[in-house]
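The primary structure of each chain is shown beneath.
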Amino acid sequence: STLERYPDTLLGNKFLMKKYFNPEHNHYFLERHKLIFSSVLYFYQSDGQFYKPSCVSTDQFDLELKFFGLTSHYKDFVASLDNEPKARKNAVHENPQNLVERLWNFFKDPKSSQAARIWAIFDVVAITVAVILFIVETMPAVKEELENRNKVVKTTFFCC
């Protein structure tokens, strides 16, 4: 099974897991950090890959890895990353070849072109204006004025 590929870890060793088994409910109970546990499960499912949630401290992550017996696997994983050549961020999109890559750069990176920079500024301005209008519409004085204008418009519409 997926877990048994790593018998030196807590989840991969049935003997170590016995103390967490609840016979009354017929299941294992491990009260651990949810986000880190999903990362631990990812390790088993991805055949040894790790990811650390960005909102989790390194100390907490290390503590949970130690609990699950994954510390040595994590050290090996980090060492293998250190031996690989460092890929530059977004290397695939540095020299866009096709329309999809150019569009990706346009929307993702405002520094990719002058048009992308203008679009990013327009996008921020549009969002800011929308938020301000939403706030203004909820103010009682403005709300009354808008309701009065709507009555005039509705009356004019139905009279014609």
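Refer to the structure printed above.
Note that the structure is predicted; figures quoted are calculated from it, not measured.

*Asks:* Would you take a moment to explain the pattern of salt bridges for this structure?
*Replies:* Think of it this way: side chains of opposite charge can pair up when their charged atoms draw near. For the structure on display, the rule yields 3 salt bridges. Note that Glu4 and Lys14 form a salt bridge whose closest N and O atoms lie 3.3 Å from each other. Taken as a pair, Glu4 in the segment before helix H1 (14-17) and Lys14 in helix H1 lie far apart in primary sequence, 10 residues in all. For Glu4, a relative accessible area of 42% puts it in the partly exposed group. Judged by its relative accessible area of 60%, Lys14 falls in the exposed class. With a shortest N-O distance of 3.4 Å, Asp47 and Arg5 are connected by a salt bridge. Taken together, the residues Asp47 in the loop between helix H2 (34-45) and helix H3 (58-67) and Arg5 in the segment before H1 connect sequence positions 42 residues apart.

*Asks:* I would appreciate a short explanation of H3 in the present structure.
*Replies:* For an α-helix, 3.6 residues make a turn, and residues three or four places apart therefore share a direction. For H3, the full list of buried residues reads Phe61, Glu64 and Leu65. Here the buried residues of H3 occupy an arc of 100° about the axis, which is enough to place them on one side. Seen from the open side of H3, the exposed residues pointing more than 90 degrees away from its buried face are Asp59 and Lys66. Once H3 ends, the next one or two residues include Gly69, with phi positive near 70°.

*Asks:* How should I be thinking about the nonpolar core in this particular structure?
*Replies:* In a soluble, globular protein the nonpolar side chains are often hidden away together inside. Residues Val40, Tyr44, Phe50 and Leu70 are the most contacted members of the largest nonpolar core, which totals 15 residues. Counting only elements with at least two residues in this core, the list comes to H2 and H3. Per element, the largest residue contribution to this core is 4 residues, and it comes from H2. Dropping the residues within four chain positions of it, Val40 is found in contact with Leu11, Leu65, Phe68 and Leu70.

*Asks:* Looking at this structure, I do not really get the packing of H2 against H3. What am I missing?
*Replies:* Helices that pack against each other are described as a pair by the angle of their axes relative to one another and the distance between those axes. As a packed pair, H2 and H3 sit with axes 10 Å apart at the nearest point and diverge in direction by 55°. Judged by the inter-axis angle, H2 sits oblique to H3. Regarding H2 and H3, the two cross each other, and that crossing is right-handed. Side by side, H2 and H3 meet where Ile36, Ser39 and Val40 of the first sit next to Gln60, Phe61, Glu64 and Leu65 of the second.

Procedures and definitions
Residues numbered from 1 in each chain as written. Predicted model: local features only at pLDDT ≥ 70, side-chain atom pairs only at ≥ 80, totals over all residues. Heavy atoms only, no water. Salt bridge = Lys/Arg side-chain N within 4 Å of Asp/Glu carboxyl O. Helix = DSSP H or I, 4+ residues; strand = E, 2+ residues; numbered from the N terminus. Buried < 20%, exposed > 50% of the residue type's maximum accessible area, 1.4 Å probe, protein only. Arc of directions from axis to C-beta. Core = buried A, V, L, I, M, F, W, Y, C linked by side-chain atoms within 4.5 Å. Contact = heavy atoms within 4.5 Å. Axes fitted to C-alpha atoms, helices over the stretch in contact; angles between N-to-C directions. Parallel < 35°, antiparallel > 145°, perpendicular 65-115°, else oblique. Left-handed = near helix turned anticlockwise from the far one by under 90°.

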